[in-house]
Amino acid sequence: MARCAGLIRSPDASELFGELLKRQPNASEALAYVGKVHPADGYHDVVSLATARRLAQSLDYRGAVDELSRLARRHPGSAPVRAYQATCRYMMNDVSAALALYERARTLDPGLMDQMGTYATLLASSTGDAHAVYRLGNELLKVDQGRAEGWVAMAQYFLLSGETQEALAIAWRAQTLSPSYACAYYTEGVIQLASGSVDDALDVFTKAHQLERNALTFRAVIESLVQCGRYKEAFVYAREMAELLPQHAGALAMVGMVLSHSPESSDKARRLLEAALDVDKRCSEAVGALASLHVADGRVEDAIRVVEKYLPNMQTDDMYTRYADVLTLANELPKAAVNYTAALTINPINERARAGMDRVDKLMHPTAAADLDDEEEEPVDDAAANEEGEGSGAVRYVDNPDDGPASSPAMLEYDELGADRGAGSSGGLFY
């Protein structure tokens, strides 16, 4: 189609050849056409952009960033180059640099659409700022409602607002508009995961990974497999990710996280997670998995120290929730409540933080919780109750007599928090 458009000198030829370059960075005919039609850009600039795309597709994000930096020095006003730099930085977990580059790209060209779906994903996950995500989506839809990027941003907005069904419907619309757009499927996976539909999330994350293999889709597939208890498959993906991304903190963390679910591999998992944090102190996956490993081994104080050490680098709702979780296990309930509150201040729809806050409140005020439970109990007819057990005029709730003593009220909640690795918990304390 691109060749035909070029032969008849259609104005659509440049766009078609440009799209071909995205899919096949080494397409010689496309490189030649773009270099001929846009001599001001220069043939070497086109080759440089194609090289950066090829490096990014092979997950060599550092090489892609270096190539794009050279290109940006020659064309400092190029919004697409800045946006692509931002995406590569995001894949390298350099969140602050990625956000700055995306904003720079939008300043240079408010109508830019390329990479904006990924920007919406980053904006939603890193800041939790629903208003900022809505504003981005609204501006993108004003530019072109026929593109998927604006709908992806709006799906992220509705997810942040707690309206998951609306978010799903909008994500499906993005997929309909662009069936090969990986970000639309990734967004649906995030929504399905937030809704508790792990199997559905795994299906769409796998679809996104098939369309565009990158650091985000690798992590999403691995974590979903772990939550489904499919550790062998998760390890295969994690090992592949580590081979493609050597010295990438997130890749090391994924291998360590999967291995942490095997008791005989716990020492190796710990070394890998610590290595990941040596590479990048902002690797939240490594912090969570390492803390979970300490908790599973009964070292709650070590888990607290790990989260406290890295919390200043990652003051997100997720990290505050992780911190509150381990504080709850240590029976430091007032401090846990403060951190759950901090998490909910950042992200009011953080369900794990909300559940944790309710748990802490019941532990801190057991009498009030018991009174509330009594008020909510249904009245039971004595005659009917006597049929179930002679002499019992009311329903009684008895703790399991086989349960051993706990060191603190909070430790009674240990299994509920999912900390028992041997119980087949899909993600340990934090997953």
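Please refer to the structure placed before this passage.
Quick caveat: nothing in here was measured; it's all calculated off a predicted structure.

The rules behind the values
- Residues numbered from 1 in each chain as written.
- Predicted model: local features only at pLDDT ≥ 70, side-chain atom pairs only at ≥ 80, totals over all residues.
- Heavy atoms only, no water.
- Helix = DSSP H or I, 4+ residues; strand = E, 2+ residues; numbered from the N terminus.
- Buried < 20%, exposed > 50% of the residue type's maximum accessible area, 1.4 Å probe, protein only.
- Axes fitted to C-alpha atoms, helices over the stretch in contact; angles between N-to-C directions.
- Parallel < 35°, antiparallel > 145°, perpendicular 65-115°, else oblique.
- Left-handed = near helix turned anticlockwise from the far one by under 90°.
- Contact = heavy atoms within 4.5 Å.
- Nonpolar A, V, L, I, M, F, W, Y, C, P; charged D, E, K, R; others polar.
- Phe/Tyr/Trp six-rings, centres within 6.5 Å; stacked < 30°, edge-to-face > 60°.

Notes on unusual backbone geometry
- Of note, the phi angle at Gln115 is positive, near 75°, even though the residue is not glycine.
- As for its position among the elements, Gln115 is in the loop between helix H7 (95–108) and helix H8 (116–127).
- The backbone of Asn331 sits at a positive phi, close to 65°, despite the residue not being glycine.
- Note that Asn331 resides in the loop between helix H20 (317–329) and helix H21 (333–346).
- Exposure remark for Asn331: the relative accessible area of 31% places this residue in the partly exposed category.

Topic: the packing of helix H9 (residues 130–143) against helix H10 (residues 148–160)
- Interaxial distance between H9 and H10 falls to 8 Å at its minimum, and their mutual angle equals 155°. By the angle between their axes, H9 is roughly antiparallel relative to H10. Every pair of crossing elements has a handedness; the one defined by H9 and H10 is left-handed. Taking contact as the criterion, the partners of Ala130, Val133, Tyr134, Gly137, Asn138, Leu140 and Leu141 in H9 are, on H10, Glu149, Gly150, Trp151, Ala153, Met154, Gln156, Tyr157 and Leu160.
- The residue inventory of the contact of H9 with H10, partitioned by class, reads ten nonpolar, four polar and one charged.

A short note on the packing of aromatic side chains
- All told, the structure shown has four aromatic pairs when counted by the stated rule.
- Aromatic pair Tyr186 and Phe205: ring centres 5.4 Å apart, planes at 50°, arrangement tilted. Of this pair, Tyr186 sits in helix H12 (residues 182–194) while Phe205 sits in helix H13 (residues 198–211), placing them 19 residues apart in sequence. Like Phe205, Tyr186 is buried.
- Joined through ring pairs, the aromatic side chains of Tyr134, Tyr157 and Phe158 make up one cluster.

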